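The lines below spell out each chain.
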Amino acid sequence: MLAGKRVLLIVSGGIAAYKALELVRLLRRAGAGVRCVLTAGGAQFVTALSLQALSEEKVHTALFSLTDESEMGHIELSRSADLLVVAPASADILAKMAAGIADDLASTLLLATDKPVLAAPAMNVRMWLHPATQANMASLRARGVAVVGPEEGAMACNEFGPGRLAEPPVILATIGRLLGQAGPLAGRHVLVTSGPTHEPIDPVRYLANRSSGRQGHAIAGALAACGARVTLVCGPVAIADPPGVGVRRVETATEMLVACEAALPADVAVCAAAVADWHVANAADRKLKKRPGAGPPTLDLAPNPDILATLSRPGPSRPRLVVGFAAETEDVRRNAAEKLARKGCDWIVANDVSPASGIMGGEENAVLLITAQGEEAWPRLPKQQVAERLAARIAEALGQ
Ligand code: C5P
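Residues numbered from 1 in each chain as written. Predicted model: local features only at pLDDT ≥ 70, side-chain atom pairs only at ≥ 80, totals over all residues. Heavy atoms only, no water.

Draft legend 1. Examining helix α6 (residues 105-112) more closely. Across the 8 residues that make up α6, a large majority, 7, are buried. Of all the positions in α6, only L105, A106, S107, T108, L109, L110 and A112 are classed as buried. For α6, the secondary structure elements touched by its buried residues are β1 (6-11), β2 (33-38), α4 (74-79), β3 (83-89), α5 (91-99) and β4 (117-121). (Buried < 20%, exposed > 50% of the residue type's maximum accessible area, 1.4 Å probe, protein only. Helix = DSSP H or I, 4+ residues; strand = E, 2+ residues; numbered from the N terminus. Contact = heavy atoms within 4.5 Å.)

Draft legend 2. A look at the site of the ligand. Taken together, C271, A273, V275, D277, P305, D306, I307, L308, G324, F325, K339 and K343 make up all the residues around the ligand. Between the ligand and F325 there is a distance of 2.7 Å, counted from an oxygen atom to a backbone nitrogen or oxygen. K339 has a polar side-chain atom sitting 2.4 Å from an oxygen atom of the ligand. Taken by itself the ligand offers 440 Å² of open surface, and the protein chains cover 87% of this. Looking at the shell around the ligand, the elements with two or more residues in it are α12 (307-312), β16 (321-328) and α13 (332-343). (Near = heavy atom within 4 Å. Polar contact = N/O pair within 3.5 Å; in protein donor to acceptor, adjacent residues only side chain to side chain. Areas by Shrake-Rupley, 256 points an atom, 1.4 Å probe, with all protein chains shown as cover.)

Draft legend 3. Here's a closer look at a nonpolar patch on the surface. Residues I15, Y18 and F45 make up a contiguous nonpolar surface patch of roughly 340 Å² in combined accessible area. Of the residues examined, F45 reaches a relative accessible area of 43% and is grouped as partly exposed. (Patch = residues over 30% accessible without salt bridge, like charges linked within 9 Å, V, L, I, M, F, W, Y side chains within 5 Å. Salt bridge = Lys/Arg side-chain N within 4 Å of Asp/Glu carboxyl O.)

Draft legend 4. Spatial organisation of the sheet that holds strand β11 (residues 229-234). Read from one edge to the other, the open sheet built from 8 strands follows the order β12-β11-β8-β13-β16-β17-β19-β20, with strand pairing classed as mixed. Among the strands making up the open sheet, the edge pair consists of β12 (246-249) and β20 (374-377). Neighbour to neighbour, the strand axes of the sheet diverge by 15° on average, direction disregarded. Inspection of the sheet shows strand β19 (residues 367-371) paired to β20 by 4 bridges, in the antiparallel sense. Of the residues in β20, the one forming a bridge with T371 is G374. In the packing of helix α11 (residues 253-263) onto the sheet, contacts are made with β8 (189-194) and β11, and the angle to β8 comes to roughly 175°. (Pairing = 2+ DSSP bridges. Axes fitted to C-alpha atoms, helices over the stretch in contact; angles between N-to-C directions.)

Draft legend 5. Structural view of the pattern of salt bridges. Taken as a whole and judged by the stated rule, the model has 22 salt bridges. As a salt-bridge pair, R28 and E56 come within 2.8 Å of each other at their nearest N and O atoms. You can see R28 sitting in helix α1 (residues 18-29) and its partner E56 sitting in the loop between α2 (48-55) and α3 (66-71), a full 28 residues away along the chain. Where K96 meets D103, a salt bridge forms, and the shortest distance between an N and an O atom there is 3.0 Å. K96 gets classed as buried once you look at its relative accessible area, which sits at 14%.

Draft legend 6. Expanded view of the domain arrangement of the chain. Domain annotation for the chain reports domain 1 (6-178) and domain 2 (189-399). One C-alpha centre belongs to domain 1, the other to domain 2; they are set 38 Å apart. Contacts between the two partners involve 14 residues from domain 1 and, on the opposite side, 12 residues from domain 2. The partner of E167 in a salt bridge is R389, with the nearest N and O atoms 3.1 Å apart. Breaking the side of domain 1 that touches domain 2 down by element, the ones donating at least two residues are α1, β6 (151-154), β7 (160-164) and α9 (168-178). (Domains from an automatic or database assignment.)

Draft legend 7. Layout of the packing of aromatic side chains. By the definition in use, this model includes 0 aromatic pairs. Stacked on the ring of W378, the Lys or Arg R389 has its end atom at 5.4 Å from the ring centre. Above the ring of W347, the side-chain terminus of R393 is found at 5.6 Å from the ring centroid. (Phe/Tyr/Trp six-rings, centres within 6.5 Å; stacked < 30°, edge-to-face > 60°. Lys NZ or Arg CZ within 6 Å of the ring centre and 35° of its normal.)

Draft legend 8. View of unusual backbone geometry. The amide bond that connects A87 to the next residue, P88, takes the cis arrangement and shows omega of -5°. Relative to the helices and strands, P88 resides in strand β3. Cis geometry is found at the peptide bond from G149 to P150, where omega equals 0°. By secondary structure assignment, the location of P150 is in the loop between β5 (146-147) and β6. One non-glycine residue, E56, adopts positive backbone phi at about 60°. Among the residues examined, E56 registers a relative accessible area of 59% and is labelled exposed. Positive phi, normally seen in glycine, also occurs at D331, with a value near 50°. Mapped onto the fold, D331 is located in the loop between β16 and α13. You can call D331 partly exposed: its relative accessible area is 41%.

Draft legend 9. Highlighting the pairing of β1. Here β1 lies mainly inside the structure; 5 of its 6 residues are buried. Sheet topology places β1 next to β2; 6 bridges connect them, and they run parallel. Across the sheet, residue V11 finds its bridge partner in β2, namely L38. Handedness of the β-α-β unit built from β1, α1 and β2 comes out right-handed. In this sheet, β3 lies alongside β1 in parallel orientation, the contact comprising 4 bridges. Its bridge partner lying in β3, L9 is registered against V85. (Right-handed = clockwise from strand over helix to strand, strands pointing away.)

What follows is the structure in structure tokens.
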């Protein structure tokens, strides 16, 4: 995906510097050449030797090395890359970039370059939220510096909030976009279900649930941003369509299944919809009336088709990767693992939707991703970031 592209990766100080090693590995695997510059702060957390082993190139640290200047001046180093990436970008290096300070190799390269720059900030939440850092970010963005993250979540310093380095696959996807690549999911078709379903009781009443569609819509948008052609089959929602996505609107579970089957073939299916388990078998075609002396109507419930289980069934039109969701109010891990086996999907994204969690209909999500390789508990993140991580994981899985 990045064959022939050259990235100059500046690793500044911070506990997240260890994730730069993973980023180098992903960039190399994507075919990019990577040259690393390690600041004095960065060298407190990772070694030049590790970066050198992974990048297979000499790692630069000092501003004026006689050998470097004779082989390749620092100006040349800053210009020989297609993109400069600062990951992690500490509050200090961002301040230097904003102020135009050039007092070490990294800051000098950033001032001397004529190439696009991507910063992936990582720092303590208070440092990130400090007006000085926010003003620096505003001026860097205004100058055209691209920014990825920081993510929100539990931090190494035991605080919670924005400040975590974006995950390496998310940084990789951003690099791909900045370098005009087609995206890691280019040429793939992904089917996403989202939102609730409405099951009519009569022409004016229905059974529904509290799903807002926010998580499924964010996933559809994040997959499209990775270059996939996305078909979003969604139940009734009050939120905007994600950009760049083909939307099929449905009302009931049965309509959702028909729309999903019509959208096949797909490389991946992500079933994030909160599909009603039952529909009203004796739904009335006229509005039910209260009658004096008569009791309330009795609703006969009949099971709905299980869309996830249907899409997961082995056969020529089964998507290569089928991802289900498990919204649970108790015993999340056990119920989710059981669901993975029962429905025959490949991954389950499980979350706690008990009222105390505030997740159902809210802005954030805390998920447990269960795959054949094991499980990963993700920190509580905005639904957009959960979507970006999931899209990056899907791109990674399909690339293997
Ligand atoms: O069985 P449960 O509803 O808890 O399973 C949740 C998962 O199954 C979600 O991925 C949801 O989209 C999917 N599902 C479905 N069709 C149904 C019920 C659930 O696709 N009828």
